[in-house]
Amino acid sequence: MNDLKQRALQYDVRDELAGFREAFHFPKTDAEHCIYFTGNSLGLQPKRTADILREELDDWAEFGVEGHFSARRPWVSYHENLMDKAAQLVGAKTDEVVHMNGLTTNIHLLLVSFYRPDAKRNKIICEAKAFPSDLYALDSQIRFHGLDPASTLIEVSPREGEEVLREEDIEDVIRQHGEEVALVFFGGVNYYSGQVLDMERIARAAHRAGAVVGFDLAHAAGNVPMRLHDWEVDFAAWCTYKYLNSGPGSVGGIFVHEKHARNFDLPRFTGWWGSDKESRFLMKRTFVPLPGAEGWQLSNAPVFSMAPHLASLEIFSEAGMDRLRKKSVALTGFADEVIRAAGGDRVKIITPTEAERRGCQLSLVVPRVGRKVFEYLQTHGAFTDWREPDVIRIAPVPLYNSFADVYRFGELLRSALDSTLE
Ligand SMILES: *Cc1c(COP(=O)(O)O)cnc(C)c1O
């Protein structure tokens, strides 16, 4: 038995989180083993999700409209079931977090409140390789204020010949634009490179310039530990279907820092669910904003996407983000080693090497034959994904991936590379 295989087996035996693998459904494939490395795109379904959904369906059948108050988890306050555990996950106070809508919708709603350009201070600083939806949202918000994205949106790029951003460069750009900066908005973890940004450092730089700071945490939530409250991040938004395993298109999460909780002068788009709970059903003409993140809600809770999220948050709470992160660092580190052993100089990993600058994801560039390698992996039971122009993303996640998965992936990658030589 070779050394890597031996080590994978030992790590799995010693892994105190190994049991969680059994709590998930793995897709059926023709291959002998399914290697699911796309938890950064759509996390696997926990087995308990069906049970909790069943309970909501049963309550709906039994109670009809009365389920709003009589269901085992009354629907009228359903979102409250999620707040504690989600807050822990992102390092927030309970009132700073709420779930509603989808991610891009939430980015828009938060920008309505937190992007307040005026004649002098109107620029937004973001990353050049932000997720397209985020860039569309930023562009359209800028135009909505009658401004031109070409001169208003400042995109920070990696240096020539480098693949990832340097925080010092972000700080420099913020400093250069100084009093013109209204908002600094980045992905906490970049979807393409897998780079984890030093969010605390960026938040500090933004505030030093007198700007507001927000993060898209789509690739960070459930992946890396965060302390949004302590870092004084103004606002953040994330989706729950990637690392958070809550199902396709499931409900989004938002964070609004406590310092804005009672700032009712902030402009916001409003709906009845953001209004005072006591008077909500009195159908009063006046909107009375709830303090905290709840005040940004518009509609009543989407119970059938919150239920899976509740199941998922319970699992995260049982596993614990600290233990998950510890395993993740080991698992990603092992993946890095296995890929280097299998790929040699034919595969380049563009994700940073330092543990604190990456999470679960590794982004691989295989010059010329990347697409072929990706297809080979796909037809042999490995779920990875292809992102234009030339990256294969893999994400071994600590909840349900094993070190044996990583070892097998290395073997498969070796065969995939060999197959392109024939
Ligand atoms: C996945 C992802 C999205 C997707 O947005 P939806 O509104 O949930 O479709 C947006 N931004 C980033 C950074 C993402 O990773």
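From a predicted model like this one, the values you see are computed outputs, not experimental measurements. Here, residues in each chain are numbered from 1, in the same order as that chain's written sequence. In keeping with the model being predicted, local features are shown solely for residues with a pLDDT of at least 70 and side-chain atom pairs are shown and tallied solely at 80 or more, while totals for entire chains, interfaces and linings include all residues. The side-chain values count all of the structure's non-hydrogen atoms but skip hydrogen atoms and water molecules.

Visitor: Where do I start with the nonpolar core in this structure?
Guide: Across soluble globular proteins, you tend to see nonpolar side chains buried next to one another. Each nonpolar core is a collection of buried residues, namely Ala, Val, Leu, Ile, Met, Phe, Trp, Tyr and Cys, held together in the definition by side-chain atoms within 4.5 Å. Each residue gets one of three labels from its accessible area relative to the maximum for its type: buried under 20%, exposed over 50%, partly exposed in between, using a 1.4 Å probe on protein chains only. In this structure, Val184 and Phe186 are the most contacted members of the largest nonpolar core, which totals 70 residues. Counting from the N terminus, the helices are DSSP H or I runs at least four residues long and the strands are E runs at least two residues long. If you tally residues by element for this core, the top one is helix 10 (residues 303-319), at nine residues. For this core, the two domains that each supply at least three residues are domain 1 (2-46 + 320-421) and domain 2 (78-317). The contact definition used throughout considers only heavy atoms, calling two residues in contact when any of these lie within 4.5 Å. Not counting the four nearest positions on each side in its chain, Phe186 is found in contact with Ile125, Cys126, Glu127, Val156, Leu165, Ile170, Leu197, Ile202, Gly214, Phe215 and Asp216. Phe37, Val338, Leu362 and Trp386 belong to the second largest nonpolar core, which has 31 residues in total. Domain boundaries shown here were taken from an automatic or database domain assignment.

Visitor: So what exactly am I meant to see when it comes to helix 10 here?
Guide: Residues that lie three or four places apart on an α-helix share one face, since the helix turns once every 3.6 residues. An ideal rise of 1.5 Å per residue puts 24 Å on 17 residues; helix 10 measures up with 24 Å between its terminal C-alpha atoms. Among the 17 residues that make up helix 10, 13 are buried, leaving the element largely enclosed by the rest of the structure. Of the residues trailing helix 10, Gly320 is marked for its positive phi of about 85°. Given the number of residues in a helix, its expected span is that number minus one, multiplied by 1.5 Å.

Visitor: Help me understand empty space enclosed by the protein in this model?
Guide: Left-over empty space is what a probe sized like a water molecule reveals as it rolls over the atoms. A pocket here means an open set of points on a 1 Å grid, computed over the protein atoms alone, that has protein on both sides within 12 Å along at least five of seven lines. A cavity is instead a set of points where a 1.4 Å probe fits but cannot get out; residues with an atom within 4 Å of a point line either one. Grid points are joined across faces, edges and corners, and a volume is the space filled by probe spheres set on the points. This structure, assessed with the given rule, holds one cavity of 30 Å³ or more. For the largest cavity, the calculated volume is near 60 Å³. Lining the largest cavity, in full, are Gly222, Tyr243, Asn245, Phe316, Leu324, Val397, Pro398, Leu399 and Tyr400. Two domains each provide a minimum of three residues to the lining of the largest cavity, namely domain 1 (2-46 + 320-421) and domain 2 (78-317).

Visitor: Which parts of the structure should I look at to understand the pattern of salt bridges?
Guide: Two side chains of opposite charge can pair, provided their charged atoms sit close to one another. For salt bridges, the criterion is a side-chain nitrogen of Lys or Arg within 4 Å of an Asp or Glu carboxyl oxygen. Counting across every chain of the model gives 32 salt bridges. In this structure, Arg357 engages Glu354 in a salt bridge whose closest nitrogen and oxygen atoms are separated by 3.2 Å. What you see here is one network of salt bridges that share partners, running through Asp3, Arg7 and Glu337.

Visitor: Help me understand the site of the ligand in this model?
Guide: Distances are taken per atom, and a residue is near a molecule or strand as soon as one of its heavy atoms is within 4 Å of it. The environment of the ligand is made up of Leu103, Thr104, Phe131, Asp134, Asp216, Ala218, His219, Tyr241 and Lys242. One nitrogen or oxygen atom from the side chain of Asp134 is found 2.7 Å from a nitrogen atom belonging to the ligand. Within the contact set of the ligand, a nitrogen atom lies 3.2 Å away from a side-chain nitrogen or oxygen of Asp216. Protein contacts shield 80% of the accessible area of the ligand, which totals 390 Å² for the unbound molecule. Basically, the charged four are Asp, Glu, Lys and Arg, the nonpolar ten are Ala, Val, Leu, Ile, Met, Phe, Trp, Tyr, Cys and Pro, and anything else, Gly included, counts as polar. For the shell around the ligand, the residue count by class is four nonpolar, two polar and three charged. Pairs of N or O atoms are called polar contacts if they sit within 3.5 Å, as long as, within protein, a hydrogen donor faces a hydrogen acceptor (for residues adjacent in sequence, only side-chain-to-side-chain pairs). Note on areas: Shrake-Rupley with a 1.4 Å probe; residue coverage comes only from the protein chains shown.

Visitor: How do you make sense of the domain arrangement of the protein when you look at a structure like this?
Guide: Interface size is commonly expressed as the accessible surface area that is lost when the partners come together. By the assigned domains, the protein splits into domain 1 (2-46 + 320-421) and domain 2 (78-317). The gap between the C-alpha centroids of domain 1 and domain 2 is 29 Å. Contacts between the two partners involve 34 residues from domain 1 and, on the opposite side, 24 residues from domain 2. Throughout, the accessible surface (probe 1.4 Å) given up by two parts as they are put together, summed over both, is called the buried area. Here domain 1 and domain 2 share an interface that buries about 2,400 Å² over both sides, 59% of which is from carbon and sulfur atoms. Counting across the interface, domain 1 meets domain 2 through one salt bridge. For the salt bridge of Lys348 with Glu163, the shortest nitrogen-to-oxygen distance reads 2.9 Å. If you look at where domain 1 meets domain 2, you find 15 residue pairs in polar contact (both at pLDDT 80 or more). Broken down by secondary-structure element, the contributors of at least two residues to the side of domain 1 that touches domain 2 are helix 11 (321-343) and strand 15 (391-394). Top element by residues in the side of domain 1 that touches domain 2 is helix 11. It accounts for three residues. A class-by-class count of the residues in the side of domain 1 that touches domain 2 yields 16 nonpolar, nine polar and nine charged.

Visitor: Looking at this model, I keep getting lost on the packing of aromatic side chains. Mind explaining?
Guide: For any pair of aromatic rings, the description consists of the separation of the ring centres together with the inter-plane angle of the planes. Pairing of aromatic side chains here covers Phe, Tyr and the six-membered ring of Trp, requires ring centres within 6.5 Å, and sorts the geometry by plane angle: under 30 degrees stacked, over 60 edge-to-face, intermediate tilted. Applying the stated criterion to the full structure yields 16 aromatic pairs. Plain terms: the ring middles of Phe37 and Phe409 are 5.4 Å apart, the flat faces sit at 55° to each other, and that makes the pair tilted. Of this pair, Phe37 sits in the loop between strand 2 (35-36) and strand 3 (45-46) while Phe409 sits in helix 13 (residues 403-419); the two residues are 372 residues apart in sequence, bridging distant segments of the chain. Overall, the relative accessible area of 1% leaves Phe37 in the buried class. Overall, the relative accessible area of 1% leaves Phe409 in the buried class. On the numbers, 6.0 Å between centres and 15° between planes, the contact of Phe185 with Phe235 is stacked.

Visitor: Mind showing me how you'd approach helix 4 (residues 80-90) here?
Guide: Among all positions of helix 4, only Leu82, Met83, Ala86, Ala87, Leu89 and Val90 are buried. End-on, the buried residues of helix 4 take up no more than an arc of 150°, which puts them together on one face. Considering only its buried residues, helix 4 is in contact with strand 4 (97-100), strand 9 (235-238), helix 10 and helix 11. Immediately downstream of helix 4, the backbone of Gly91 shows phi near 70°, a positive value. Within this analysis, the arc is defined by the directions that extend from the helix axis to the C-beta atoms.

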